[in-house]
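Report on the structure
What follows is each chain in one-letter form.
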Amino acid sequence: MLNISHYKIIAIGKIRKKWIQEGIEMYLKRLPGLEVKEIKDSTQLKEEHTIKEIISKNEFLVTLNENGQSFTSKQLATKLLNSHNQNITFVIGGASGLTSSLNNLASWQLSLSPLTFPHEIARLLLIEQLYRAKTITQGGPYHKE
Ligand SMILES: C[S@@+](CC[C@H](N)C(=O)[O-])C[C@H]1O[C@@H](n2cnc3c(N)ncnc32)[C@H](O)[C@@H]1O
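In short, a report on the structure. (Residues numbered from 1 in each chain as written. Predicted model: local features only at pLDDT ≥ 70, side-chain atom pairs only at ≥ 80, totals over all residues. Heavy atoms only, no water.)

If you walk through the whole model with that rule in mind, you get 7 salt bridges. Here Glu128 ties to Arg132 by a salt bridge, and the two come within 2.9 Å at their closest N and O atoms. Note that Glu128 and Arg132 are positioned in helix α5 (residues 119-138) at a spacing of 4 residues, about one turn of the helix. This pair shows no difference in class: Glu128 is buried, exactly as Arg132 is. (Salt bridge = Lys/Arg side-chain N within 4 Å of Asp/Glu carboxyl O. Helix = DSSP H or I, 4+ residues; strand = E, 2+ residues; numbered from the N terminus. Buried < 20%, exposed > 50% of the residue type's maximum accessible area, 1.4 Å probe, protein only.)

Quick look at helix α1 (residues 18-29) now. Between its first and last C-alpha, α1 extends 16 Å over 12 residues, near the 16 Å set by a 1.5 Å rise per residue. Along α1, the residues classified as buried are Ile20, Gly23, Ile24 and Tyr27. For α1, the angular spread of buried residues about the axis comes to 100°, placing them on one side. More than 90 degrees from the buried face of α1, the exposed residues found are Lys18 and Lys29. (Expected span 1.5 Å × (residues − 1). Arc of directions from axis to C-beta.)

In a beta sheet, neighbouring strands are held together by backbone hydrogen bonds and run either parallel or antiparallel to one another. Spatially, β2-β1-β4-β3-β5 is the arrangement adopted by the 5 strands of the open sheet, whose pairing is parallel. Two strands in the sheet have a free side with no partner beyond their single neighbour: β2 (35-39) and β5 (108-111). Neighbour-to-neighbour, the strand axes of this sheet turn through a mean angle of 30°, independent of strand direction. (Pairing = 2+ DSSP bridges. Axes fitted to C-alpha atoms, helices over the stretch in contact; angles between N-to-C directions.)

On to the site of the ligand, then. As a structural note, the neighbourhood of the ligand is formed by 19 residues, with Leu64, Leu112, Ser113, Leu115 and Phe117 the closest of them. The backbone of Leu115 places a nitrogen or oxygen atom 2.5 Å from a nitrogen atom of the ligand. Between the ligand and Phe117, the relevant distance is 2.9 Å, taken from a nitrogen atom to a main-chain nitrogen or oxygen of the residue. Contact with the protein chains removes 81% of the 560 Å² of surface that the ligand exposes when unbound. In this structure, the ligand is accommodated by the largest pocket. Of all the secondary-structure elements, those providing two or more residues to the shell around the ligand are β3 (60-70), β5 and α5. If you tally residues by element for the shell around the ligand, the top one is β3, at 3 residues. Grouping the constituent residues of the shell around the ligand by class yields 9 nonpolar, 9 polar and 1 charged. (Near = heavy atom within 4 Å. Polar contact = N/O pair within 3.5 Å; in protein donor to acceptor, adjacent residues only side chain to side chain. Areas by Shrake-Rupley, 256 points an atom, 1.4 Å probe, with all protein chains shown as cover. 1 Å grid on protein atoms, 1.4 Å probe; cavity = no way out; pocket = protein on both sides within 12 Å on 5 of 7 lines; lining within 4 Å. Sits in = over half its atoms within 2 Å of the grid points. Nonpolar A, V, L, I, M, F, W, Y, C, P; charged D, E, K, R; others polar.)

Rendered as structure tokens:
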């Protein structure tokens, strides 16, 4: 089973849309222990600097990037399960995206789809997929094939 308290999300920019915030809150209630750290949006370089300042060396960095690796929900659940409770920090860029230097620093880059989403929707999708991964590893009925 996934230990959600080993996962953290660093997200750039506020959630301004109420319906997205409501969706995020709904899934976060189902994922106790998941930390979401929101960073004020700024220039890409300042955002990169802030992120580098707050990540520690023992964290496994995963950047969200539409050009990254894509998985089925089951594959993602298995990949997370096989990471053996490593501390994983997912990083979602702001309106201008993440710098290539930050993407290159990541242990892997996760694509949610080849389509580009607004950062607010990317945050909601990632949190929903973490919830889905949790239920897949628990064998719950949420994920249907
Ligand atoms: C509006 S997008 C930024 C787009 C920008 N053109 C770029 O170069 O990244 C904001 C952030 O949402 C996340 N994002 C958007 N679509 C995504 C996708 N399909 N897969 C993974 N992350 C995505 C990424 O972290 C991205 O930095």
